[in-house]
Amino acid sequence: MEVVVGTYEELLLGYRLLKDDGEWKLKQSFTDHSHCGCVKTVALSKQRILASGSSDETIRLFNLAKNIEMGSLMEHSGSITHLEFYEDSHMFSCSEDGLICIWKASNFECLRTLRGHKGPVYSVTVHPSGRLALSVSKDKTLRTWDLTTGKQAYVTNVKQGTVYDLSVIFGNDFTIMYQFSSC
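Below is a short write-up of the structure. (Residues numbered from 1 in each chain as written. Predicted model: local features only at pLDDT ≥ 70, side-chain atom pairs only at ≥ 80, totals over all residues. Heavy atoms only, no water.)

Here we look at the overall build of the protein chain
What the protein chain contains, in helices and strands, is zero helices and 17 strands. Looking at the protein chain as a whole, 45% of its 183 residues qualify as buried. Restricting the contact set of the protein chain to residue pairs at least 6 apart, pairs at least 24 apart contribute 31%. (Helix = DSSP H or I, 4+ residues; strand = E, 2+ residues; numbered from the N terminus. Buried < 20%, exposed > 50% of the residue type's maximum accessible area, 1.4 Å probe, protein only. Contact = heavy atoms within 4.5 Å.)

Structural notes on the pattern of salt bridges
Summed over the entire model, instances satisfying the criterion amount to six salt bridges. Here Asp20 ties to Lys25 by a salt bridge, and the two come within 3.6 Å at their closest N and O atoms. Of the residues examined, Asp20 reaches a relative accessible area of 36% and is grouped as partly exposed. Each of the salt bridges in this network shares a partner with another, and the network as a whole consists of Glu2, Arg16 and Arg48. (Salt bridge = Lys/Arg side-chain N within 4 Å of Asp/Glu carboxyl O.)

Section: unusual backbone geometry
Of note in this structure, Glu10 is not a glycine but carries a positive phi near 75°. In this structure, Glu10 sits in the loop between strand E1 (2-6) and strand E2 (12-20). In this structure, Arg48 takes a positive phi of about 65° despite not being glycine. Its relative accessible area of 29% is what places Arg48 among the partly exposed residues.

Focus on the pairing of E2
The pairing of E1 with E2 spans five bridges and is classified as antiparallel. Each residue of the ladder has a partner; that of Val5, found in E2, is Leu13. Count of turn residues in the E1/E2 antiparallel hairpin: five residues, of which Glu10 carries a positive phi of about 75°. In this structure, E2 lies alongside strand E3 (residues 23-32), joined through nine bridges in antiparallel fashion. Residue pairing across strands places Lys19 opposite Trp24, the latter belonging to E3. (Pairing = 2+ DSSP bridges.)

What about the pairing of strand E6 (residues 59-63)?
Side-chain positions along a regular strand alternate between the two faces of the sheet. The element E6 is extensively covered by neighbouring structure, given that five of its five residues are classed as buried. Burial along E6 is two-sided: the face carrying Ile59, Leu61 and Asn63 and the face carrying Arg60 and Phe62 are both buried. Pairing of strand E5 (residues 49-54) with E6 involves five bridges; the strand directions are antiparallel. Among the inter-strand pairings, Gly53 is bridged to a residue of E6, identified as Ile59. Count of turn residues in the E5/E6 antiparallel hairpin: four residues, of which Glu57 carries a positive phi of about 70°. Between E6 and strand E7 (residues 68-73), which follow one another and run antiparallel, lie four residues, and Asn67 among them has a positive phi close to 55°.

Brief notes about the state of the cysteines
In total, this model carries zero disulfides according to the counting rule given. A disulfide-free cysteine, Cys110 has its sulfur positioned 4.1 Å from the sulfur of Cys101, the nearest such atom. Given a relative accessible area of 22%, Cys110 falls into the partly exposed group. (Disulfide = S-S within 2.5 Å.)

Re the nonpolar core
Ile59, Met91 and Phe108 are the most contacted members of the largest nonpolar core, which has 13 residues in total. Residue contributions to this core peak at three residues, all from strand E8 (residues 80-86). Among the nonpolar cores identified, the runner-up in size contains 12 residues, and Phe92, Cys94, Leu114 and Ala133 belong to it. (Core = buried A, V, L, I, M, F, W, Y, C linked by side-chain atoms within 4.5 Å.)

Describing the sheet that holds strand E13 (residues 132-137)
Taken together, four strands build an open sheet; the order of strands is E12-E13-E14-E15 and the sheet is antiparallel. Only two strands of the sheet have a single partner each, and these edge strands are strand E12 (121-126) and strand E15 (151-157). On average, each strand axis in the sheet is inclined to that of its neighbour by 20°, with strand direction left out of account. Pairing of E12 with E13 involves five bridges; the strand directions are antiparallel. Bridge pairing in E13 places Ser123 opposite Val136. (Axes fitted to C-alpha atoms, helices over the stretch in contact; angles between N-to-C directions.)

Below is the structure:
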């Protein structure tokens, strides 16, 4: 198992979780200092592609299977606040610029930019069908996106506090949503 940590000191630290003589231990596997601002978010695809987002407004890409840096993505004009891979076909990025970018994971081309939030976007999560996404923002809205058209499908106002993170578990007959917020 791979554990990746982003730090305020602009570092990415990678560790492998190993079992040694019946004890679990972390062994450092890599250190990277390619960001020029604090690392705010990381995401790892099933194909072991690591994406990291920073206050330097860039997304850095690494292939952990080959131990190589793949490059940078510079579509946002604000700190990167959240990254999420959907299956191994797409990556979603959120930023303080209020935008959500959808990237094709095979070549990291920006396919679409979702616009609608009036403040920093803190989190996005994709329905297992790949047709809908939910996002939360400092503008105190929860937005539902139709990913087939790239347009907003529904907007819900969050009455109290600011939602900073959104986690959704989709089941066949149920949806569980929880959030971290401050009042």
